[in-house]
Amino acid sequence: MNWLLPGGVSTFAGDIDRLYYVILGITGAAFVIVEVALIWFLIKYRARPGRKAYYTHGSVKAEVIWTTVPAVVVVMIGILSGGVWNQIRGRDSVPPGALPLAVHAKQFEWLVTYPGPDGQLGTDDDFERRNDLRLPVDTPMVIALTSEDVIHSFFIPEFRVKQDVVPGMTIRAWFEATATGEYSLACAELCGNGHTTMGGTVTVLSLDEYTQWLADPSRTVASR
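For clarity, every value in this text was computed on a predicted model and none was experimentally measured.

Enquirer: Hey, could you run me through the environment of T170 in this one?
Expert: Structurally, T170 can be placed in the loop between β7 (161-165) and β8 (171-175). Separated by 68 residues in sequence, T170 and A102 have C-alpha atoms that sit 9.6 Å apart. Beyond its immediate sequence surroundings of up to four residues, T170 is in contact with A144, L145 and T146.

Put into structure tokens, the structure is as follows:
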């Protein structure tokens with residue numbers, strides 16, 4: 001098991017990573033403390049010949065401590081997370097001028113609708129690609145997510161993007177890739193027998209390459 005996140009290539013990856021490692025450190029320390037205390041109690045209070053059991057109703061002081069400390073930690077994590085949450089999921093979080101795409105999930109594929117050269121979805125030059133998501137680098141993108149059948153989850157690990165896709169709803173997710181290359185698009189919600197086959201490729205291009213590709217989506221993009 002790898003506890004480290006893959007390299008982040010989106011504008012908010014750094015903020016998410018910092019929160020992840022803070023939470024990992026806190027929960028890891030709590031795990032060690034609890035396990036050490038458990039072993040210590042097992043040894044110290046083990047049964048011994050001639051030793052009578054001692055019955056107690058507990059300690060109010062100990063109960064206050066183990067309730068207050070986790071509560072304070074949880075509140076602190078919530079405060080630290082608030083700004084990042086608003087940046088990614090806030091009502092006005094999508095940057096002005098973000099380029100639109102539509103992604104329709106169904107068992108077991110991702111159907112990506114591109115707006116064509118006019119940059120507008122819902123017009124005659126829209127076109128669709130299966131399991132093939134292409135994006136320009138350093139450009140905010142806003143994705144309209146829909147599902148045909150069951151709940152799926154749109155997940156690009158390197159972008160730190162994970163958004164459930166719910167039937168009957170159109171849900172927006174936005175991100176801005178910061179490096180060209182190829183990445184994986186996965187479904188992170190168990191969605192049926194073919195769940196493990198529901199994957200796609202995310203290709204991040206330069207803005208010029210992306211514009212040229214939109215004009216002719218059948219062209220082969222050169223390796224970078």
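Enquirer: Sorry if this is basic, but what is going on with the sheet that holds strand β2 (residues 109-114) here?
Expert: Hydrogen bonds between backbone atoms are what pair the strands of a sheet, whose relative direction is either parallel or antiparallel. Spatially, the five strands line up as an open sheet ordered β3-β2-β1-β5-β8, and their pairing is mixed. Pairing within the sheet leaves two strands with one partner each, and these edge strands are β3 (127-130) and β8. Geometrically, the sheet is characterised by an average inter-axis angle of 25° between neighbouring strands, direction not taken into account. Relative to strand β5 (residues 141-147), strand β1 (residues 99-106) is paired through seven bridges, and the arrangement is parallel. Residue P100 lies in a different strand from β5, and its bridge partner there is V142.

Enquirer: Honestly, a positive patch on the surface in this entry has me stumped. Any pointers?
Expert: Taken together, the side chains of K44, R46, R48 and R51 define a basic patch exposed on the protein surface. K44 gets classed as partly exposed once you look at its relative accessible area, which sits at 36%.

Enquirer: Help me understand the environment of L121, please; the structure alone is not making it clear to me.
Expert: The residue L121 is located in the loop between β2 and β3 in this model. You can call L121 partly exposed: its relative accessible area is 31%. Residues L121 and I88, 33 residues apart in the sequence, show an inter-C-alpha distance of 23 Å. Not counting chain neighbours up to four residues away, the residues in contact with L121 comprise P100, L101, A102, T113, Y114, P115 and D126.

Enquirer: What is the right way to look at the packing of aromatic side chains in this model?
Expert: Centre distance and the angle of the planes are the two values used to describe a pair of aromatic rings. For the coordinates displayed, the defined rule picks out twelve aromatic pairs. An angle of 55° between the planes, with centres 5.1 Å apart, marks the rings of W40 and F41 as tilted. The exposure class assigned to W40 is partly exposed, which follows from its relative accessible area of 47%. Relative to F154, the ring of W110 has its centre 5.7 Å away and its plane inclined at 85°; by these criteria the two rings are edge-to-face. Taken together, the residues W110 in strand β2 and F154 in strand β6 (residues 152-156) connect sequence positions 44 residues apart.

So, how was this worked out
Residues numbered from 1 in each chain as written. Predicted model: local features only at pLDDT ≥ 70, side-chain atom pairs only at ≥ 80, totals over all residues. Heavy atoms only, no water. Helix = DSSP H or I, 4+ residues; strand = E, 2+ residues; numbered from the N terminus. Contact = heavy atoms within 4.5 Å. Pairing = 2+ DSSP bridges. Axes fitted to C-alpha atoms, helices over the stretch in contact; angles between N-to-C directions. Patch = residues over 30% accessible without salt bridge, like charges linked within 9 Å, V, L, I, M, F, W, Y side chains within 5 Å. Areas by Shrake-Rupley, 256 points an atom, 1.4 Å probe, with all protein chains shown as cover. Salt bridge = Lys/Arg side-chain N within 4 Å of Asp/Glu carboxyl O. Lys, Arg positive; Asp, Glu negative; His and termini not counted. Charge placed at Lys NZ, Arg CZ, Asp CG, Glu CD. Buried < 20%, exposed > 50% of the residue type's maximum accessible area, 1.4 Å probe, protein only. Phe/Tyr/Trp six-rings, centres within 6.5 Å; stacked < 30°, edge-to-face > 60°.

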